[in-house]
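Residue-level listing of the chains:
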Amino acid sequence: MPIDNVFLKCVSSVDPMCRKNYLALELMKKLPQLVTNILLPKEKELFDLEVRKYHVDSLYTVNEGVSIDEWWVEVKKTGKYPLLSKMVCALLTCFHCPKVESSFSVMNNIISARSTRMNIPTFSAIQSIKYHLFAENKTSVAYFAKKDFLHEHVEKKLVENLRSSCRAYQDEKNKKMEQKQKQINKLHKQKEKLLSKEAARKLCANAAKKQRIRHKKNILKIKDKTNDLPRHSRDNVVPTTMSGIKQIDTNEDCVKTLASTENKHAEDANTSFIEEKSVKIGALQNKG
């Protein structure tokens, strides 16, 4: 970050040498706006009061050889500025050194071509252990070595985790396999619902056949009814046709087949009606 960065300026105001300075006071009051995960919204007003009190109170001076974090630890022990001490300690304990880059090297050592499917909790645990051993500058054998392994305290939780690690891994593996199998079955069911072109054509043909049979039955019923009516009311009877079956399939062949079937039914109905009408008219003329 550049030197004229606002955040760096505000952080530099926590230096004890900047106390009782108006500019340092204003910069320190801006810290909750830049670091939003330390204090609660209702604590910001109290933080401003503590900042003003901090710049007014008389505190012991910084001696040579005393670092800024050690000085603030002593201030925190007094309990006068709990919110301010909390903010300053959070800023002074930020992870800033070449070890940040070394963490990426540790990551490359853990994640390889064979471990790309590693879970985040597993990776975090391995990285934490490696970093802790690196900080202690010890190997795992030296770190966990016991002088008297028969009588020294044993971590029960560690033993339980070691014994149950294989079972937990198998359970997690089985859960993943079940989820994968469910997804595969779901995809197969979706494929089964889709009809092929041949199946769609057969479905349309069966529907058209049923429609023709229904249409013929309706025409026969209409003829029977017209024969039962008196002569003066037979001429007013108009045959009706059943509506086409609604097909769910949007196949173009199905639509064309249904359309042609309906047109054919309509033409047959009109032809039969005209023939009956002409026969009746001819019979009346002969009688006259």
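What you see is a predicted model, and the numbers here were worked out from it, not measured in a lab. (Residues numbered from 1 in each chain as written. Predicted model: local features only at pLDDT ≥ 70, side-chain atom pairs only at ≥ 80, totals over all residues. Heavy atoms only, no water.)

(A) The overall build of the chain, seen in detail. When helices and strands are counted, the chain shows 13 helices and 0 strands. Starting at the N terminus and walking to the C terminus, you meet the elements of the chain as α-α-α-α-α-α-α-α-α-α-α-α-α. The proportion of buried residues among the 288 residues of the chain is 19%. A sequence separation of at least 24 residues applies to 57% of the contacts in the chain between residues at least 6 apart. (Helix = DSSP H or I, 4+ residues; strand = E, 2+ residues; numbered from the N terminus. Buried < 20%, exposed > 50% of the residue type's maximum accessible area, 1.4 Å probe, protein only. Contact = heavy atoms within 4.5 Å.)

(B) A look at the pattern of salt bridges. A full pass over the atoms with the stated rule returns 1 salt bridge. In this structure, the salt-bridge partner of Glu74 is Lys77, at a minimum N-O distance of 3.8 Å. Separated by 3 residues within a single helix, Glu74 and Lys77 lie in helix H5 (residues 68-78), roughly one turn from each other. Lys77 gets classed as exposed once you look at its relative accessible area, which sits at 62%. (Salt bridge = Lys/Arg side-chain N within 4 Å of Asp/Glu carboxyl O.)

(C) Highlighting the side chain of Ser85. In this fold, Ser85 is placed in helix H6 (residues 82-92). Ser85 sits in the buried class, given a relative accessible area of 2%. A polar side-chain atom of Ser85 sits 2.6 Å from the main-chain carbonyl oxygen of Tyr81. Filtering out sequence-adjacent residues up to four positions away, Ser85 remains in contact with Trp72, Val75 and Lys76. (Polar contact = N/O pair within 3.5 Å; in protein donor to acceptor, adjacent residues only side chain to side chain.)

(D) Just a nonpolar patch on the surface, in detail. A cluster of nonpolar side chains, namely Tyr143, Phe144, Leu158 and Leu162, defines an oily patch on the protein surface of about 420 Å² accessible area. With respect to the helices and strands, the residue Leu158 is situated in helix H10 (residues 156-193). (Patch = residues over 30% accessible without salt bridge, like charges linked within 9 Å, V, L, I, M, F, W, Y side chains within 5 Å. Areas by Shrake-Rupley, 256 points an atom, 1.4 Å probe, with all protein chains shown as cover.)

(E) Expanded view of the packing of aromatic side chains. By the definition in use, this model includes 3 aromatic pairs. Geometrically, the ring pair formed by Tyr54 and Tyr81 is edge-to-face, given 5.8 Å between the ring centres and 85° between the ring planes. Taken as a pair, Tyr54 in helix H4 (residues 44-56) and Tyr81 in the loop between H5 and H6 lie far apart in primary sequence, 27 residues in all. Each member of the pair Tyr54 and Tyr81 is classed as buried. (Phe/Tyr/Trp six-rings, centres within 6.5 Å; stacked < 30°, edge-to-face > 60°.)

(F) Highlighting the environment of Phe47. Note that Phe47 resides in helix H4. By relative accessible area, which is 0% here, Phe47 ends up buried. Separated by 16 residues in the primary sequence, Phe47 and Leu31 have C-alpha atoms spaced 9.7 Å apart. Here Phe47 is in contact with Met28, Lys29, Leu31, Pro32, Leu39, Leu83, Leu84 and Met87, once residues within four sequence places are set aside.

(G) How the structure looks around H4. If you check H4, its first and last C-alpha atoms are 19 Å apart, about what 13 residues at 1.5 Å a residue would give, namely 18 Å. Taken together, the buried positions of H4 are Phe47, Glu50, Val51, Tyr54 and His55. Summarising the axial view, the buried residues of H4 lie within an arc of 130°, below the 170-degree limit, and thus occupy one face. Facing away from the buried side of H4 by over 90 degrees, the exposed positions are Glu45, Leu49 and Val56. (Expected span 1.5 Å × (residues − 1). Arc of directions from axis to C-beta.)

(H) Expanded view of the packing of H4 against H6. Orientation of H4 relative to H6, taken along the N-to-C sense of each, is 90°, at an axis distance of 8 Å. By the angle between their axes, H4 is roughly perpendicular relative to H6. Packed against H4, whose contacting residues are Leu46, Phe47, Glu50, Val51 and Tyr54, the element H6 presents Pro82, Leu83, Leu84 and Met87 at the interface. Its residues assigned to classes, the contact of H4 with H6 shows 8 nonpolar, no polar and 1 charged. (Axes fitted to C-alpha atoms, helices over the stretch in contact; angles between N-to-C directions. Parallel < 35°, antiparallel > 145°, perpendicular 65-115°, else oblique. Nonpolar A, V, L, I, M, F, W, Y, C, P; charged D, E, K, R; others polar.)

(I) View of unusual backbone geometry. At Lys20, a position not held by glycine, the phi torsion is positive, near 60°. Its location among the elements puts Lys20 in the loop between helix H1 (6-12) and helix H2 (22-29). Phi is positive for Asn137, close to 60°, though the residue is something other than glycine. Within the secondary structure, Asn137 is located in the loop between helix H8 (120-136) and helix H9 (140-143).

(J) Broad picture of the nonpolar core. Core analysis: the largest hydrophobic core is formed by 22 residues, its most contacted members being Met28, Leu31, Phe47, Tyr54, Trp72, Leu84 and Met87. Residue assignment for this core shows that the elements contributing at least two residues are H2, H4, H5 and H6. Take this core: its biggest share by element is 5 residues, from H6. (Core = buried A, V, L, I, M, F, W, Y, C linked by side-chain atoms within 4.5 Å.)

(K) Representation of the packing of H2 against H4. Look at H2 against H4: their axes get within 10 Å of each other, and the N-to-C directions meet at 155°. One way to sum up the angle between H2 and H4 is to call them roughly antiparallel. Crossing of H2 over H4 shows right-handed handedness. Residues Ala24, Leu25, Met28 and Lys29 of H2 pack against Phe47, Asp48, Val51, Arg52, Tyr54 and His55 of H4. (Left-handed = near helix turned anticlockwise from the far one by under 90°.)

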